[in-house]
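# Descriptive structure summary
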Amino acid sequence: FSDNADYIENFNQVYTHFRAEALDSPVFTCYILDRCERTQSSGLVIEDTLYSLPEGEEFIGQAEMMIFQRVIEKIDSHILLHAGVVSKDGRAYILYAPSGFGKTTLVLQLVSQGYAFMSDEYCPVNLENFRVEPFPRRVGIKNSSPFRNLLNENNSFYYEYGDKYYTDCEKMFPGSTGSSCSARCLVMLTGGTVTDSGNEPGELYDVALFEGSDNILDLISRIDGIERVELTKKDFFTTGTFRLQKKQTVMSAFYALLKKYNEDVFYVAPLLNPEAVFLQSPTIEKMSKSEAAFEIMTNMLNRAPSGKLLSKSSNSHIALLMQVGEFIKDIDCYRMTPGNLEEMSVMINSL
């Protein structure tokens, strides 16, 4: 629900293929409020919790991120990877990457060469048979996209937040819609190993907490193998940047604490190079399945530290890691640094 009909329409346009005309019983209810009398600002109510959000253009994006975190937490039938997916000859190619690494652009580049489109955002893997399912969200195209000229504004929807046009991939590339299939390979787009200014090895994470929860940042700092690098105060939340040793024990303790204080956490995000530089030459190398499984599990826990899938695994990170490992055991895994689009597509074609 919302006090602004435009917000409902935004969701309706972007996720139109997911809309249910009726539900026997809602899984949860949320309210997006332009103006909340209780907080004297914009607000978001999810189930029985009210979150105060800043007014302005970032508000709707923050609200959407929080709602989808709750959606992901409810899913226990699928592994949900943050990845673009294309398919060829009935096999899926999973392009796994954080936001800003050019997933959509690379997906469209491959679709333009004859691959089928399955997703530019999420990759759902059915745990019953480990088949990759389509995620038919409309594709977001920026004005700077090399595929902007294929966009017909008459059958697209402009979403002010993010400054993107949304359209069905099928309208740009007729006959490109893919269907459920087994996985062929996983390609992880990455900026390389993350280090801080002191060149100490480790992975950097931002942990954003709602106002009044700053003490949790101190608790994170006390975990063996975790060091706080920076503290940043924002309008309604505080962000701590931490360096984590890449060890199972460290990550398990980190996510156990986040789960305990789940209601106080706004988001958790790894800090990687956010820009895909399409002028440089890309590189690709084989990636061990154990490393790929660990990276996937870490990303899943970032998005849903208190998810039903973890609960279904008896709240055991090892058990969850084993499920991911079962999925990738028969597929090839690669690490790719982004670069020239044509060169990237040649590399993927050669896999």
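We now turn to the structure provided with this report. Predicted model only: the values in this text are computed from it and were never measured.

Cut-offs used in this document
- Residues numbered from 1 in each chain as written.
- Predicted model: local features only at pLDDT ≥ 70, side-chain atom pairs only at ≥ 80, totals over all residues.
- Heavy atoms only, no water.
- Core = buried A, V, L, I, M, F, W, Y, C linked by side-chain atoms within 4.5 Å.
- Buried < 20%, exposed > 50% of the residue type's maximum accessible area, 1.4 Å probe, protein only.
- Contact = heavy atoms within 4.5 Å.
- Helix = DSSP H or I, 4+ residues; strand = E, 2+ residues; numbered from the N terminus.
- Phe/Tyr/Trp six-rings, centres within 6.5 Å; stacked < 30°, edge-to-face > 60°.
- Arc of directions from axis to C-beta.
- Polar contact = N/O pair within 3.5 Å; in protein donor to acceptor, adjacent residues only side chain to side chain.
- Pairing = 2+ DSSP bridges.
- Axes fitted to C-alpha atoms, helices over the stretch in contact; angles between N-to-C directions.
- Parallel < 35°, antiparallel > 145°, perpendicular 65-115°, else oblique.
- Left-handed = near helix turned anticlockwise from the far one by under 90°.
- Nonpolar A, V, L, I, M, F, W, Y, C, P; charged D, E, K, R; others polar.

## So, the nonpolar core
Ranked by internal contacts, the top residues of the largest apolar core, which has 51 residues, are Leu 81, Val 132 and Phe 327. Those residues in contact with Val 132 that lie beyond four places of it in its chain are Val 85, Ala 92, Ile 94, Met 118, Cys 123, Pro 124, Val 125, Ser 180, Cys 181, Ala 183 and Phe 327. With 28 residues, the next largest nonpolar core counts Tyr 93, Phe 101, Val 107 and Phe 117 among its residues.

## A closer look at the environment of Val 346
One can find Val 346 in helix H10 (residues 341-349). Judged by its relative accessible area of 48%, Val 346 is partly exposed. Spatially, the C-alpha atom of Val 346 lies 9.5 Å from that of Leu 110, the residues being 236 residues apart in sequence.

## Considering the packing of aromatic side chains
A full pass over the atoms with the stated rule returns 19 aromatic pairs. Geometrically, the ring pair formed by Tyr 15 and Phe 18 is edge-to-face, given 6.0 Å between the ring centres and 65° between the ring planes. Judged by relative accessible area, Phe 18 falls into the partly exposed class, the value being 37%. When the ring of Phe 237 is compared with that of Tyr 267, the centres are 6.2 Å apart and the planes differ by 70°; the resulting orientation is edge-to-face. With Phe 237 in strand S14 (residues 237-244) and Tyr 267 in strand S15 (residues 265-270), the pair connects residues that are 30 residues apart, well separated along the chain. Residue Phe 237 is classed as buried on the basis of its relative accessible area of 7%.

## Observations regarding helix H1 (residues 5-14)
Buried within H1 we find Tyr 7, Asn 10, Phe 11 and Val 14. For H1, the angular spread of buried residues about the axis comes to 90°, placing them on one side. At its buried positions, H1 is contacted by strand S1 (30-36), helix H2 (58-73), strand S9 (157-159) and strand S10 (164-167). You can read the cap of H1 off the contacts: a side-chain oxygen lies 2.9 Å from the backbone nitrogen of Asp 6, and it is on Asn 4.

## Quick word on unusual backbone geometry
Here Ser 314, not a glycine, exhibits a phi torsion of approximately 60°, which is positive. Among the secondary structure elements, Ser 314 is positioned in the loop between helix H8 (308-312) and helix H9 (317-328). Overall, the relative accessible area of 64% leaves Ser 314 in the exposed class. Phi angles above zero are rare outside glycine, and Asn 315 is one such case at about 55°. Asn 315 gets classed as partly exposed once you look at its relative accessible area, which sits at 42%.

## Some words on the pairing of strand S11 (residues 182-189)
Most of S11 sits inside the fold, with 7 of its 8 residues counted as buried. Here strand S5 (residues 91-96) pairs with S11 via 6 bridges, running parallel. Within the sheet, the bridge partner assigned to Ala 92 lies in S11 and is Ala 183. As paired strands, S11 and strand S17 (residues 332-337) are joined by 5 bridges and run parallel to one another. Looking at S17, one finds that Leu 186 is bridged to Cys 333.

## What about the environment of Val 125?
Within the element layout of this structure, Val 125 appears in strand S7 (residues 122-126). For the pair formed by Val 125 and Tyr 158, sequence separation is 33 residues and the distance between their alpha carbons is 30 Å. Discounting chain neighbours no more than four positions away, the residues touching Val 125 are Ser 77, His 78, Ile 79, Leu 81, Phe 130, Arg 131, Val 132 and Phe 327.

## A word on the sheet that holds S15
Spatially, S13-S14-S12-S15 is the arrangement adopted by the 4 strands of the open sheet, whose pairing is antiparallel. Either end of the sheet is taken by a strand with one partner, and the two such strands are strand S13 (226-233) and S15. Here the strands of the sheet are splayed against their neighbours by 20° on average, with no regard to which way each runs. Inspection of the sheet shows strand S12 (residues 203-210) paired to S15 by 5 bridges, in the antiparallel sense. From the neighbouring strand, Val 207 faces S15, where its bridge partner is Val 268. Along the sheet, helix H6 (residues 248-260) contacts S12, S13, S14 and S15; its crossing angle with S12, the most-contacted strand, is approximately 10°.

## Some details on the packing of H6 against helix H7 (residues 289-303)
In the contact formed by H6 and H7, the axes pass within 11 Å of each other and the chain directions differ by 10°. Here H6 is positioned roughly parallel relative to H7, judged by the angle of their axes. You can see that H6 and H7 cross each other, and the crossing is left-handed. The residues of H7 that touch H6, namely those facing Gln 248, Met 251 and Tyr 255, are Phe 294, Met 297, Thr 298, Leu 301 and Asn 302. The class makeup of the residues in the contact of H6 with H7 is 5 nonpolar, 3 polar and no charged.

Take it as geometry only, folks, not as evidence of what the structure does.
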